[in-house]
Amino acid sequence: MGTSIGALTPAQSYPYLFKVSDNTTFGSVLKLISSGDGTDSRVRLSTLYITSYGAGDIATNTVYGDMVLASNTTGKQTTAFGYEALKSNTNKDGNTALGYQALKSNTAGQFNTAIGHESLLSSIGGIECTAVGAGALRVSNANWNTAVGAVSMYNNTTGYTN
């Protein structure tokens with residue numbers, strides 16, 4: 001009954017999360033979600049892109065959205081939700097990005113929190129910054145800053161500990 005991945009049937013895996021192998025097609029995933037008995041209801045899915053986690057600590061990342069953590073190789077303990085959130089992050093840990101392009105350009109910063117549309121968008125190497133609001137700390141490479149509110153500290157390139 002239905003398509004299985006590994007030893008699990010759809011009935012055994014749904015509604016729980018399951019790991020899909022690297023060579024599984026999107027169509028196979030949809031078949032797995034369905035019951036396989038012809039009484040399937042519509043399934044609404046968002047575009048989902050998850051980098052290859054490998055083994056060990058890198059599996060501690062939580063991501064949802066298109067192109068999220070697209071460049072990640074070893075960065076761990078990171079959470080990213082939204083289109084291109086933390087897209088450029090490769091090996092830095094402990095970042096949280098929630099929103100469209102939040103922390104998109106980050107390559108060297110860690111322990112940052114960006115909540116909101118394009119918050120910390122152009123930050124490449126800021127450390128321990130918090131940006132809450134659309135465009136907060138949008139253009140910033142400085143460390144230890146907190147910005148709350150839409151476009152707050154929008155173009156802070158050198159100011160530290162604000």
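Residues numbered from 1 in each chain as written. Predicted model: local features only at pLDDT ≥ 70, side-chain atom pairs only at ≥ 80, totals over all residues. Heavy atoms only, no water.

Colleague: Is there a simple way to explain the confidence of the model for the protein chain in this structure?
Modeller: Predicted coordinates in regions of low pLDDT should not be interpreted in detail. In the predicted model, the protein chain carries a mean pLDDT of 75, and 64% of its residues have values of at least 70. Per-element mean pLDDT across the protein chain ranges from 45 in helix H1 (residues 10–13) up to 97 in strand E4 (residues 113–115). This model gives residues 8–20 a pLDDT under 50, and the stretch forms 17 contacts once residues within four places in sequence are excluded. Scored below 50 in pLDDT, residues 25–35 shows 20 contacts in the model against residues more than four places distant or in partner chains. (pLDDT = per-residue confidence, 0-100. Helix = DSSP H or I, 4+ residues; strand = E, 2+ residues; numbered from the N terminus. Contact = heavy atoms within 4.5 Å.)

Colleague: Even after reading the chapter, I still don't get the sheet that holds strand E3 (residues 96–98), so can you show me in this structure?
Modeller: Strand order across the open sheet formed by 6 strands is E1-E2-E3-E4-E5-E6, with parallel pairing between neighbours. Strands at the two margins of the open sheet, each flanked by one partner only, are strand E1 (62–64) and strand E6 (146–148). In this sheet, neighbouring strand axes are inclined to one another by 5 degrees on average, regardless of whether the strands run parallel or antiparallel. As judged from the 3 bridges shared by E1 and strand E2 (residues 79–81), these two strands associate in the parallel manner. In the strand pairing of E2, threonine 62 is matched with threonine 79. (Pairing = 2+ DSSP bridges. Axes fitted to C-alpha atoms, helices over the stretch in contact; angles between N-to-C directions.)

Colleague: In this structure, what is going on with the pattern of salt bridges? I would like to understand it.
Modeller: As a working rule, side chains carrying opposite charge can pair if their charged atoms are close by. The final tally for this structure, using the stated rule, is 4 salt bridges. The residue lysine 104 makes a salt bridge to glutamate 84 at a minimum N-O spacing of 3.2 Å. Here the residue lysine 104 occupies a position in the loop between E3 and E4, and glutamate 84 occupies one in the loop between E2 and E3, the gap between them amounting to 20 residues. With relative accessibility at 22%, the residue lysine 104 sits in the partly exposed group. (Salt bridge = Lys/Arg side-chain N within 4 Å of Asp/Glu carboxyl O. Buried < 20%, exposed > 50% of the residue type's maximum accessible area, 1.4 Å probe, protein only.)

Colleague: Is there a simple way to explain the packing of aromatic side chains in this structure?
Modeller: Each aromatic ring pair is specified by the distance between its two centres and by the angle formed by the two planes. If you walk through the whole model with that rule in mind, you get 3 aromatic pairs. Ring geometry for tryptophan 144 versus tyrosine 160: centroids 6.3 Å apart, planes at 50 degrees, classification tilted. Taken together, the residues tryptophan 144 in the loop between strand E5 (130–132) and E6 and tyrosine 160 in the segment after E6 connect sequence positions 16 residues apart. Of the residues examined, tryptophan 144 reaches a relative accessible area of 42% and is grouped as partly exposed. (Phe/Tyr/Trp six-rings, centres within 6.5 Å; stacked < 30°, edge-to-face > 60°.)

Colleague: Whenever I open this one, the environment of leucine 137 confuses me. Can you help?
Modeller: Here leucine 137 shows up in the loop between E5 and E6. Spatially, the C-alpha atoms of leucine 137 and serine 152 are 6.4 Å apart, while their sequence positions differ by 15 residues. If sequence neighbours within four positions are ignored, leucine 137 has contacts with Leu120, Leu121, Cys129, Thr130, Ala131, Asn145, Ala147, Ser152, Met153, Tyr154 and Asn156.

Colleague: What should I look at first to understand the nonpolar core in this one?
Modeller: Nonpolar side chains tend toward joint burial in soluble globular proteins. The biggest cluster of nonpolar side chains holds 16 residues, and the ones touching the most others in it are Ala80, Leu86, Ala97, Leu103, Leu120 and Leu137. With residues near it in sequence (within four places) discarded, alanine 80 still touches Thr62, Val63, Tyr64, Val68, Ala85, Leu86 and Ala97. (Core = buried A, V, L, I, M, F, W, Y, C linked by side-chain atoms within 4.5 Å.)

Colleague: Help me understand unusual backbone geometry, please; the structure alone is not making it clear to me.
Modeller: Trans is the prevailing form of peptide bonds, just as negative phi is the prevailing case for residues other than glycine. A positive phi angle is found at phenylalanine 111, which is not glycine, with a value near 60 degrees. Within the secondary structure layout, phenylalanine 111 lies in the loop between E3 and E4. Phi is positive for threonine 161, which is not a glycine, with a value near 50 degrees. Along the chain, the position of threonine 161 falls in the segment after E6. A relative accessible area of 57% means that threonine 161 is categorised as exposed.

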